[in-house]
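Structural description and commentary
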Amino acid sequence: MSQQRHGSTPGNAPGERTGAVTAFPDLPEATIARLPEYLRALHNLGGAGADTVSSEGLSAAAGVNSAKLRKDLSHLGSYGTRGVGYDVTLLIEQIEYVLGLDQRRAVCLVGLGNLGHALAGYDGFASRGFKIVALFDADASKVGEEIQGLTVRHIEELGRAAVEENIAIGVIATPAGAAQAVADVLVDAGVTSILNFAPCVLSVPANVDVRKVDLAIELQILSFHEHRKASLTALPGGRSATAAGNQEAVGS
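Residues numbered from 1 in each chain as written. Predicted model: local features only at pLDDT ≥ 70, side-chain atom pairs only at ≥ 80, totals over all residues. Heavy atoms only, no water.

**A few points about the overall build of the protein chain**
Helices and strands together make up the secondary structure of the protein chain, namely 10 helices and 9 strands. Within the protein chain, the fraction of its 252 residues that count as buried is 32%. Across the protein chain, the fraction of contacts at a sequence separation of at least 24, relative to all contacts at a separation of at least 6, is 53%. As presented, the protein chain carries roughly 14,800 Å² of accessible surface, and 53% of it is formed by carbon and sulfur atoms. (Helix = DSSP H or I, 4+ residues; strand = E, 2+ residues; numbered from the N terminus. Buried < 20%, exposed > 50% of the residue type's maximum accessible area, 1.4 Å probe, protein only. Contact = heavy atoms within 4.5 Å. Areas by Shrake-Rupley, 256 points an atom, 1.4 Å probe, with all protein chains shown as cover.)

Structure, rendered in structure tokens:
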């Protein structure tokens with residue numbers, strides 16, 4: 001559920017373009033989920049030298065329907081210019097403001113198993129406005145290990161580190177059995193946004209936002225689509241999976 005932020009919109013310094021950002025909007029969850037896709041496409045387009053992009057061009061680059069894209073961007077107060085399209089730099093600024101990417105977000109990672117090591121070593125976070133500032137584990141054998149220039153600390157130090165490092169987001173990469181206890185520690189430390197890679201549902205207060213990433217669930221969904229395509233080949237008349245796929249594209 002979206003929550004509207006009250007307060008003034010950052011102003012423009014003398015000489016800066018006006019209209020770079022709008023009053024903070026109350027956005028549908030589906031729109032919020034698509035904004036990062038638009039932003040990635042815009043960065044790619046800008047990197048390729050594009051100054052403007054049409055809604056059709058941006059929707060194709062982001063892999064979404066153009067009408068849906070125009071509606072999403074209208075929530076930001078961005079309607080583009082007829083015959084020209086959207087200003088790439090301006091639209092990047094608008095989306096980054098709404099996503100809160102105009103400031104760096106300090107992130108802590110809890111759980112340094114195989115997945116945790118991979119996440120700690122991923123350099124894509126920094127380029128998108130996030131910096132992993134602290135690593136934690138409850139396993140004494142992992143405490144003191146150096147990973148990407150950071151020393152793994154014991155989970156008991158999280159409360160102090162959350163204040164010292166101004167941690168905004170906690171990432172849980174522990175086994176499912178340990179995830180709830182870690183979430184409790186994060187909440188007690190004042191962290192109100194959690195990204196959970198553990199295959200379980202967390203119980204948190206109403207003011208804490210949780211995003212869940214479960215790779216096994218994604219594979220199960222793909223398995224369903226494979227099962228469906230295979231079953232279509234057995235339909236009367238010998239209808240092929242390819243023909244059926246042309247009529248029922250996944251995600252359409």
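**Describing the packing of helix H2 (residues 55-62) against helix H3 (residues 66-74)**
The packing of two helices is summarised by the inter-axis angle and the distance between the axes. Orientation of H2 relative to H3, taken along the N-to-C sense of each, is 105°, at an axis distance of 9 Å. Taken as axis vectors, H2 and H3 run roughly perpendicular relative to one another. Here Ser 55, Glu 56, Leu 58 and Ser 59 of H2 come into contact with H3, specifically with Ser 66, Leu 69, Arg 70 and Leu 73. Its residues placed into classes, the contact of H2 with H3 shows 3 nonpolar, 3 polar and 2 charged. (Axes fitted to C-alpha atoms, helices over the stretch in contact; angles between N-to-C directions. Parallel < 35°, antiparallel > 145°, perpendicular 65-115°, else oblique. Nonpolar A, V, L, I, M, F, W, Y, C, P; charged D, E, K, R; others polar.)

**Side note on helix H8 (residues 176-188)**
Helix length check: H8, at 13 residues, gives a terminal C-alpha distance of 19 Å against a target of 18 Å (1.5 Å per residue), a fit within 8%. All of the buried residues in H8 are Ala 179, Val 182, Ala 183 and Leu 186. All buried residues of H8 lie within an arc of 110° about the axis, which places them on one face of the element. Looking at H8, the residues exposed on the side facing more than 90 degrees away from the buried face are Gly 177 and Asp 188. For H8, the elements touching its buried residues are strand E3 (105-110), helix H7 (158-164), strand E7 (169-172) and strand E8 (193-196). Two residues or fewer past H8, Gly 190 is found with a positive phi of approximately 95°. (Expected span 1.5 Å × (residues − 1). Arc of directions from axis to C-beta.)

**With respect to the pairing of strand E4 (residues 130-137)**
For E4, the buried fraction is high: 6 of the 8 residues fall into the buried class. Inspection of the sheet shows E3 paired to E4 by 6 bridges, in the parallel sense. For Ala 106, the partnering residue across the bridge sits in E4 and is Lys 131. (Pairing = 2+ DSSP bridges.)

**Some details on the sheet that holds E4**
The mixed open sheet is built from 7 strands, whose spatial order is E5-E6-E4-E3-E7-E8-E9. In this open sheet, the two edge strands, each paired with only one partner strand, are strand E5 (146-147) and strand E9 (209-212). The pairing of E7 with E8 spans 3 bridges and is classified as parallel. Considered in E8, the bridge of Val 171 is made with Leu 195. Running over the sheet, H8 touches E3, E7 and E8 and is turned about 170° from E7.

**Some words on unusual backbone geometry**
Notably, Gln 148 is not glycine yet its phi reads approximately 50°, a positive angle. Its place among the elements puts Gln 148 in the loop between E5 and strand E6 (150-154). Phi at Asn 166 takes a positive value of approximately 55°, unusual for a residue other than glycine. The topology assignment puts Asn 166 in the loop between H7 and E7. Take Asn 166: its relative accessible area is 61%, and that puts it in the exposed class.

**A short note on the environment of Val 152**
Looking at the element boundaries, Val 152 is found in strand E6. Between the C-alpha atoms of Val 152 and Ala 134, which are 18 residues apart in sequence, the distance is 7.3 Å. Residues contacting Val 152, with those up to four places away along its chain left out, are Leu 112, Leu 135, Phe 136, Asp 137, Lys 142, Val 143, Gly 144, Glu 145 and Ile 147.

**Remarks on the UniProt feature "DNA-binding region" (unreviewed entry) in the protein chain**
Mapped onto this structure's residue numbering, the UniProt feature "DNA-binding region" (unreviewed entry) falls at residues 37-76. Structurally, residues 37-76 comprises 70% helix and 5% strand, and the distance from its first C-alpha atom to its last is 15 Å. (UniProt positions renumbered as here; feature names shortened; annotations may be inferred.)

**Structural notes on the environment of Lys 131**
Within the fold, Lys 131 resides in strand E4. Along the chain, Lys 131 and Ala 106 lie 25 residues apart, while their C-alpha atoms are 5.2 Å from each other. Contacts of Lys 131, omitting those with residues within four sequence positions, involve Arg 104, Arg 105, Ala 106 and Val 107.

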